[in-house]
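# Residue-level structure breakdown
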Amino acid sequence: MGIQDLMLKSPYLNAASMFGFAPPSHWPLDLPPGAFITHPISLKPRAPAENRTVLQFAGGFLLHTGLPNPGLFATLKQFARRWARSPLPVWVHIIPSSPAEAAQMVAHLENIEGVTAIELGLPPGLTDDENLRMIEAACGELPLLVSLPVDRYREAWVFQTGKSPVSGLILSAPRGVLFRTDRTLVEGRLYGPALFPQMLAAFHALRSTGLPLIVGCGLYRHADVEAVLASGALAVQFDGALWKGLLP
Amino acid sequence: MPIVNGTLLEIRFTESGLAGLVDCPRAVRPGPGQYLIASSQREEEALPVTLFSMSLPDEPLQVSPPLPAGWYPGLTLRLRGPLGHGFTLPREARRVALVAYQSPAGLLLSLTRFALKQGAAVTLCSTFPPPPALPEEVEVLPFSQLKEAVAWADYLAAAFAREHYAELRQLLGNHLQERASLSAEGLILTPMPCAGLGSCGVCAVHTRAGWKHICLDGPVFSLRSLEEAP
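Since the structure is predicted, the reported quantities are computational estimates derived from the model, not experimental observations. (Residues numbered from 1 in each chain as written. Chains lettered and ligands numbered in written order. Predicted model: local features only at pLDDT ≥ 70, side-chain atom pairs only at ≥ 80, totals over all residues. Heavy atoms only, no water.)

### Observations concerning the overall build of chain B
For chain B, the helix and strand inventory stands at 5 helices and 14 strands. At 17 Å, chain B has a C-alpha radius of gyration in line with the 17 Å of a compact globule built from 230 residues. Across the 230 residues in chain B, those meeting the buried criterion constitute 55%. Summing over all exposed atoms, chain B offers an accessible surface of approximately 9,400 Å²; the carbon and sulfur share of this is 52%. (Helix = DSSP H or I, 4+ residues; strand = E, 2+ residues; numbered from the N terminus. Rg over C-alpha atoms; globule rule 2.2 N^0.38 Å. Buried < 20%, exposed > 50% of the residue type's maximum accessible area, 1.4 Å probe, protein only. Areas by Shrake-Rupley, 256 points an atom, 1.4 Å probe, with all protein chains shown as cover.)

Here it is, written out as structure tokens:
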């Protein structure tokens, strides 16, 4: 599997939840985009988390949003035409809550013009078997990429992913916990340049799987981007760097 | 949307934190209630910073506190703006009430100056000390006189954090409903990490028209459009 097989125009992508539901008119980095990855989409609508927040720490930030989205069908109604017109291939990031939902969403997306791949986000807290069943259910006619939070790369199911026709793993934002100012705890996804070493550990450990790897976390510097591509990453996904800009 | 480089020319310590003076092209300068985002090359800061203007368009750009503690004069900033929907001061407004609730009154300073420029009388009710740069013509009222200010005004502009809206709403009581003709807007302060790029949802606010993004649809909203707990 190479970037041609995934119809990527370049190895530089956005991470899901960084760029909304439709390709932006302006790509803010000086590296040409290779595809557009949608905001995470569930089958049914999801409201924002009640305690949604962003908390910063040195070199990163925690984002807790509840992944709000209008649900697959409302999203298609609003954005499918823009996906069809997009000069970039569109990967739809789905967040099903069950294998049946995964299969239903994938079957529907196979008929949507412009969609060239599925990116699967797995709910936290599933067992190894449940993760594998979800992945199997999401396998359809479109290439499937599985989003793997880097804090979970040692889980047993990851090394069995290759038994399904998966096109690759995306090393994505890990989860973490921080205190709010009122000392209550909040859990969310972590982003930022401080995560690069953790991502690199996962990247090197997972090369033995033989699966194509997309590095989608901790990339804020040109040098790091080129280093992971030279080390065999199929592509890279930018997260917070799209909002802040790359560091020198 | 232009992305340009600017320079932080000076910083000032205020009671609300660091404020600053930014040298930047006119194209990115925000109007009252609008914002721009600024990123430094400092590795510790993984997110851009939201900046609100305290200046008139033809003046150097004074940005309201709080700026990051690590910023220093001479720092190069990557700027994107102007962003969001700002205040819409009616041309006919002649009695303008400004309300800064648990937030720096400096956020309303550029609006203040626009209001004075069009000949309006301006009062400020703030829970924070008035900013040093507040024009002398502005009458400063204790916050306990909020209801009198609302009763007097023909335009009201408020600034408050999202989590304080319910309290402010309670303090305003029935005054907004009783003054059906009063144009009332609120600048909602909340983190806007994607600044409209990502629909990330952190700044989502519930309005009478459903969920909106403060970064895109605001940060200024009609106070009458907001639900009780935004």
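That covers the picture; the talk isn't over yet.
### Description of the nonpolar core
Residues Trp83(A), Phe238(A) and Trp243(A) are the most contacted members of the largest nonpolar core, which totals 141 residues. Formed jointly, this core draws a minimum of three residues from each of two domains, domain 1 (3–83) and domain 2 (95–225) of chain B. Phe238(A) has contacts with Tyr12(A), Leu13(A), Asn14(A), Ala15(A), Met18(A), Trp27(A), Leu29(A), Leu31(A), Leu219(A), Val225(A) and Leu246(A), leaving out every residue within four places of it along the chain. Core analysis: the next-biggest nonpolar cluster, separate from the first, contains 17 residues, Val4(B), Leu8(B), Leu36(B) and Leu79(B) among them. (Core = buried A, V, L, I, M, F, W, Y, C linked by side-chain atoms within 4.5 Å. Domains from an automatic or database assignment. Contact = heavy atoms within 4.5 Å.)

### Side note on the domain arrangement of chain B
The accessible area lost on association of the parts is a frequent measure of interface size. All names here are of chain B. Segmentation of chain B into domains returns domain 1 (3–83) and domain 2 (95–225). Here domain 1 and domain 2 have C-alpha centroids that lie 21 Å from each other. Facing 20 residues of domain 1, the contacting portion of domain 2 comprises 21 residues. Carbon and sulfur atoms make up 66% of the area that domain 1 and domain 2 hide from each other, which totals about 1,700 Å². Here domain 1 is connected to domain 2 by 1 salt bridge. (Buried area = accessible area lost by both parts, 1.4 Å probe. Salt bridge = Lys/Arg side-chain N within 4 Å of Asp/Glu carboxyl O.)

### Remarks on the sheet that holds strand β1 (residues 12–14) of chain A
Residues and elements named next belong to chain A. Read once around its circumference, the closed barrel built from 8 strands follows the order β1-β2-β5-β6-β7-β8-β11-β12, with strand pairing classed as parallel. On average, adjacent strands in this sheet sit at an angle of 30° to one another, irrespective of strand direction. Where β1 and strand β12 (residues 235–238) come together, 3 bridges link them in parallel fashion. Each residue of the ladder has a partner; that of Tyr-12, found in β12, is Val-236. On the sheet, helix α5 (residues 222–230) packs against β1, β11 (213–215) and β12 and is oriented at approximately 150° with respect to β12. (Pairing = 2+ DSSP bridges. Axes fitted to C-alpha atoms, helices over the stretch in contact; angles between N-to-C directions.)

### Observations concerning the pairing of strand β2 (residues 33–37) of chain A
Residues and elements named next belong to chain A. Of all 5 residues that make up β2, 4 are buried, and the element is covered over most of its length. Sheet topology note: the β2/strand β5 (residues 90–94) ladder contains 2 bridges and is parallel. Looking at the pairing, Ile-37 lines up with Trp-91 of β5.

### Focus: a nonpolar patch on the surface
Residues and elements named next belong to chain A. Nonpolar side chains collect at one region of the surface, where Val-177, Phe-179 and Leu-185 lie side by side and expose about 320 Å² of accessible area between them. The topology assignment puts Leu-185 in strand β10 (residues 185–191). Take Leu-185: its relative accessible area is 54%, and that puts it in the exposed class. (Patch = residues over 30% accessible without salt bridge, like charges linked within 9 Å, V, L, I, M, F, W, Y side chains within 5 Å.)

### Observations regarding unusual backbone geometry
For the bond from Gly81(B) to Pro82(B), the omega torsion is -5°, close enough to zero to count as cis. The omega torsion of the bond from Gly218(B) to Pro219(B) falls at 10°, within 30 degrees of zero and hence cis. Turning to its location among the elements, Pro219(B) is positioned in the loop between α5 (214–217) and β14 (220–222). Even without being a glycine, Leu67(A) presents a positive backbone phi close to 45°. Here Leu67(A) is to be found in the loop between β4 (60–64) and α1 (72–85). Even without a glycine there, the phi angle at Ser199(B) is positive, about 45°. Looking at the element boundaries, Ser199(B) is found in the loop between β11 (183–189) and β12 (204–207).

### Some remarks on the interface of chain A and chain B
Listed as interface residues are 35 residues of chain A and, on the opposing side, 27 residues of chain B. Broken down residue by residue, the surface that chain A buries against chain B is led by Arg52(A), Trp243(A) and Lys244(A), which jointly contribute 34%. Our count for the chain A to chain B interface comes out at 1 salt bridge. Notably, a salt bridge pairs Glu43(B) with Arg221(A), separated by 2.6 Å at the nearest N-O pair. Our enumeration of links across chain A and chain B arrives at 10 residue pairs in polar contact (both at pLDDT 80 or more). Elements with a contribution of two residues or more to the side of chain A that touches chain B: β3 (53–57), β4 and α6 (240–244) of chain A. Of the residues in the side of chain A that touches chain B, the class split is 19 nonpolar, 13 polar and 3 charged. (Polar contact = N/O pair within 3.5 Å; in protein donor to acceptor, adjacent residues only side chain to side chain. Nonpolar A, V, L, I, M, F, W, Y, C, P; charged D, E, K, R; others polar.)

### A look at empty space enclosed by the protein
One pass over the full model with this rule turns up 1 cavity of 30 Å³ or more. Counted as a void, the largest cavity has a volume near 50 Å³. Residue lining of the largest cavity: Pro28(A), Leu242(A), Trp243(A), Ile3(B), Ile37(B), Ser39(B), Arg78(B), Leu79(B), Arg80(B) and Leu197(B), and that is the complete set. The set of elements that each furnish at least two residues to the lining of the largest cavity consists of α6 of chain A together with β3 (35–39) and β6 (76–83) of chain B. Of the residues belonging to the lining of the largest cavity, the class tally is 7 nonpolar, 1 polar and 2 charged. (1 Å grid on protein atoms, 1.4 Å probe; cavity = no way out; pocket = protein on both sides within 12 Å on 5 of 7 lines; lining within 4 Å. Points joined across faces, edges and corners; volume = space filled by probe spheres on them.)

### Observations concerning the packing of aromatic side chains
Tallying each qualifying case throughout the model produces 8 aromatic pairs over all chains. Both rings, one in Tyr35(B) and one in Phe52(B), keep their centres 6.3 Å apart while their planes meet at 50°; by these two values the pair is tilted. Of this pair, Tyr35(B) sits in strand β3 while Phe52(B) sits in the loop between β4 (49–51) and β5 (61–63), placing them 17 residues apart in sequence. Chaining the aromatic ring pairs together yields one cluster made of Phe61(A), Tyr191(A) and Trp243(A). (Phe/Tyr/Trp six-rings, centres within 6.5 Å; stacked < 30°, edge-to-face > 60°.)

### Thoughts on the sheet that holds strand β2 (residues 17–23) of chain B
Residues and elements named next belong to chain B. The strand order β4-β3-β6-β1-β2-β5 describes an open sheet built from 6 strands, whose pairing is antiparallel. Here the strands that pair on one side only, and so sit at the sheet edges, are β4 and β5. When the angles between neighbouring strand axes are averaged without regard to direction, this sheet yields 40°. With 7 bridges connecting them, strand β1 (residues 3–14) and β2 associate as antiparallel partners. Its bridge partner lying in β2, Thr-7 is registered against Asp-23.

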